[in-house]
Amino acid sequence: GTVSVTALSGCNWTASASKDDKWIKITSGSSGSGNGTVTYSVSANKDKKNSRSATITVAGKSHTVTQDAKQ
């Protein structure tokens, strides 16, 4: 997935995924300046009953990723 970042030119930002959630990883765009894109990947949810959620924080703003249970 992706998260678009809109920031003023020269405004530095960083992105990080929840450290407790090993199933989500930022693959590109962990930092930038001005506008940019954060790209992340997730591993399959093998739980057949429970969905799960994790948070990516970009420049202090939260983006929640929810993954359904395996169908």
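Within each chain, residue numbers correspond to sequence positions counted from 1 in written order. Local features in this predicted model are restricted to residues of pLDDT 70 or higher, and side-chain atom pairs are both shown and tallied only at a pLDDT of 80 or more, whereas totals for entire chains, interfaces and linings draw on every residue. Neither water nor hydrogens contribute to the side-chain values; these are computed over all heavy atoms in the structure.

Trainee: Outline the sheet that holds strand β1 (residues 2–5), listing residues and values.
Mentor: Here we have three strands laid out as an open sheet, ordered β1-β5-β3, and antiparallel in their pairing. The open sheet terminates on both sides in strands that have one partner only, identified here as β1 and β3 (24–28). Averaged over all pairs of adjacent strands, the angle between their axes in this sheet comes to 30°, without regard to strand direction. Bridging between β1 and strand β5 (residues 36–42) involves four bridges; their strand directions are antiparallel. Bridging across to β5, Val3 finds its partner in Val38. For two strands to pair, DSSP has to find at least two bridges joining them. Counting from the N terminus, the helices are DSSP H or I runs at least four residues long and the strands are E runs at least two residues long. Comment: axis = line fitted to C-alpha atoms, over the contacting stretch for helices; angle = value between 0 and 180 degrees taken between N-to-C directions.

Trainee: Give a detailed account of unusual backbone geometry, specifying residues and quantitative values.
Mentor: The phi dihedral of Ala59 falls on the positive side, at around 50°, and the residue is not glycine. Looking at the element boundaries, Ala59 is found in the loop between β6 (52–58) and β7 (61–67).

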